[in-house]
Every structure is written in structure tokens, then in C-alpha cells.
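What follows is the residue order along each chain.
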Amino acid sequence: MPTRVVLDNGITVIAKTNRTSPSVSIVVGARTGGYTDPAGREGVAALCARVLDRGTVSRPADVIADDLDGRGASLNVSTGRHLMSVGATCLVDDFAPVLALVGDVVQHPAFVDAEVATRRADLISSIKQNEDQPASRAVDAFVAALYGSHPYARKIRGTVESVDTLKRQDLVRCHQKGFVPAGLTVVVVGDVDEQAVVDAIAQT
């Protein structure tokens, strides 16, 4: 059974030792997503996820990329209706610095205006591409008919119109609201001691 601990600040930590390979996977889940997007601001969580790892207050995007490349580590951010997650995989020897990097991304994203503009354009392009796919349009129509005015009927990535209006401050509010300690769960699996993981996260 994995170790499960709720830290004093409310963060839930789940750690599981797995000695099959000298690597570690880290996932930080936040209880936020398309469901929590404000009405008329659909796509906020999706855009936030795309910009979250593109620089922190102390680490520009290129520094993050170079650090990960130098360690052979990976980092990704994704979002759905109810969950936004930050995941990383690295060798066990790099666990401490990669955990620190993940913690920085989760706690101190910079949301640089230039990155917001670039990722907003990318998201709009993705939405337009989906609109050209009959299968995607059929799913959107089905979900809209099924849920009506309920938030589940919203498109997780928003619409061209809603995303085009999003600004840096929308992402800041999304992050501040969703990434509160009591709403975070950190899962670590790999060639590490479970109590050491809990101690490391408590200090991050």
C-alpha cells in the first residue's frame, strides 16, 4: 500500500516505492479545470495549463527547458474538466532538483505576456482545427444537447471568441483560485523512500 499523508498546509501526498527502475514520476493535481471557468471566459484553464510551465518568477522558460534537457527529464501540464496536472519524470538522482522545479512551476508561474499571447494563438489554432473535424463537431453538439446550460456543456478549450479575450490576469486568477494547498494532491512513484518523499514535499 502507498503512503498517504495530509500535510499541515492541506496538501495531500501519496508516495509509493517502486524499485523496478532508477526513475521517479511526479504528478501534482489541482482541483480546477474547464468546469470552473467563469461564464464567458471559457478556455481559461486550458490556456493556463499551456502557459504554466513557460517560465516562473525565478526561472525563464529557456532555463526550465535547458535544465530538463540536461537531466533527460520531462515535464508536462494538462487539464480536463475537473483537474489540472503537472507531471514530471526523471532519474532518481535528479529527484530533488526536479521536485524543486515542479514546485516552482506550481507555486510561482510568471505568466509572461509574450508567452500568454503565443499560447493563446496556439490554442485558437487548435480550436479552429477541431471545428473542421466532423467527429469533434458531433461530440460538441451531443454534449451541448445532453447538458444544456450546465457547465459540463462547455468546451474545455473554449471557443475562438472566448479565448481571444483572455488576458494574463485571467490566468493569474485561475491559478490563484485553483492551486491552493488544500486542493492539491502530489503523487510520487519510483525508486525512492516513501517517508523521504513526504519530507521533501513538506519542505518544497
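To keep things clear, this report deals only with the structure shown in the data block. (Residues numbered from 1 in each chain as written. Predicted model: local features only at pLDDT ≥ 70, side-chain atom pairs only at ≥ 80, totals over all residues. Heavy atoms only, no water.)

Another aspect to go through is the sheet that holds strand E6 (residues 184-190). Strands sit in the order E1-E2-E6-E3-E5-E4 across an open sheet of six strands; the sheet is mixed. Two strands close off the open sheet at either side, each with one partner strand: strand E1 (3-6) and strand E4 (74-79). Strand after strand, the sheet turns through a mean of 15° between neighbouring axes, direction not considered. Strand direction decides the pairing type here: E1 and strand E2 (residues 12-17), joined by four bridges, are antiparallel. When the sheet's bridge partners are listed, Arg4 is paired in E2 with Ile14. In this fold helix H3 (residues 95-107) packs onto strand E3 (23-30), E4, strand E5 (84-91) and E6, with an angle of close to 160° to the strand it touches most, E5. (Pairing = 2+ DSSP bridges. Helix = DSSP H or I, 4+ residues; strand = E, 2+ residues; numbered from the N terminus. Axes fitted to C-alpha atoms, helices over the stretch in contact; angles between N-to-C directions. Contact = heavy atoms within 4.5 Å.)

The tally for this structure, following the rule as stated, stands at two aromatic pairs. With centroids separated by 5.4 Å and ring planes inclined at 65°, the aromatic side chains of Tyr35 and Tyr152 adopt a geometry described as edge-to-face. Remark: Tyr152 occurs in the loop between helix H5 (134-147) and helix H6 (160-164) and Tyr35 occurs in the loop between E3 and helix H1 (44-52); sequence separation between them is 117 residues. A residue is classified by how much of its surface remains accessible, and Tyr152, at 26% relative accessible area, is partly exposed. The interplanar angle of 85° and the centroid separation of 5.2 Å between the aromatic rings of Tyr147 and Tyr152 together place this pair among those described as edge-to-face. Members of the aromatic cluster, joined through ring pairs, are Tyr35, Tyr147 and Tyr152. (Phe/Tyr/Trp six-rings, centres within 6.5 Å; stacked < 30°, edge-to-face > 60°. Buried < 20%, exposed > 50% of the residue type's maximum accessible area, 1.4 Å probe, protein only.)

What follows deals with the nonpolar core. In terms of nonpolar packing, the biggest core is built from 51 residues, with Leu52, Leu75, Met84, Val86 and Val188 touching the most fellow members. Considering every element that reaches this core, the biggest residue donor is H1, with eight residues. Apart from residues no more than four positions distant in its own chain, Val86 is found in contact with Ile26, Val27, Val28, Leu52, Leu75, Asn76, Val77, Val102, Val105 and Val106. (Core = buried A, V, L, I, M, F, W, Y, C linked by side-chain atoms within 4.5 Å.)

All right, on to the pattern of salt bridges then. Summed over all chains, the structure comprises ten salt bridges. For Arg41, the salt bridge identified is with Asp170, shortest N-O distance 2.7 Å. One end of the pair, Arg41, is in the loop between E3 and H1; the other, Asp170, is in helix H7 (residues 168-178), with 129 residues separating them in the sequence. With relative accessibility at 24%, the residue Arg41 sits in the partly exposed group. The partner of Arg54 in a salt bridge is Glu115, with the nearest N and O atoms 3.3 Å apart. Taken together, the residues span a long stretch of sequence, with Arg54 in the loop between H1 and helix H2 (61-71) and Glu115 in helix H4 (residues 113-131) at a distance of 61 residues. (Salt bridge = Lys/Arg side-chain N within 4 Å of Asp/Glu carboxyl O.)

Residue placement: Thr12 occurs in strand E2. Leaving out residues up to four positions away in the same chain, Thr12 has contacts with Arg4, Val5, Val6, Leu184, Thr185 and Val186.

Let us look at helix H8 (residues 194-203). Taken together, the buried positions of H8 are Glu194, Val197, Val198 and Ile201. Summarising the axial view, the buried residues of H8 lie within an arc of 100°, below the 170-degree limit, and thus occupy one face. In the core, the buried residues of H8 are packed alongside E1, E2, H3 and E6. Between the side-chain oxygen at the start of H8 and the backbone nitrogen of Gln195 there is a gap of 3.2 Å, and the oxygen is on Asp193. (Arc of directions from axis to C-beta. Polar contact = N/O pair within 3.5 Å; in protein donor to acceptor, adjacent residues only side chain to side chain.)

Once that is clear, we can look at the environment of Ala135. Checked against the element boundaries, Ala135 lands in helix H5. Between the alpha carbons of Ala135 and Pro2 there is a distance of 40 Å; along the sequence they are 133 residues apart.

Here we come to a negative patch on the surface. A contiguous patch of negative charge on the surface is contributed by Glu131, Asp132, Glu161 and Asp164. The exposure class assigned to Asp164 is partly exposed, which follows from its relative accessible area of 47%. (Patch = residues over 30% accessible without salt bridge, like charges linked within 9 Å, V, L, I, M, F, W, Y side chains within 5 Å. Areas by Shrake-Rupley, 256 points an atom, 1.4 Å probe, with all protein chains shown as cover. Lys, Arg positive; Asp, Glu negative; His and termini not counted. Charge placed at Lys NZ, Arg CZ, Asp CG, Glu CD.)

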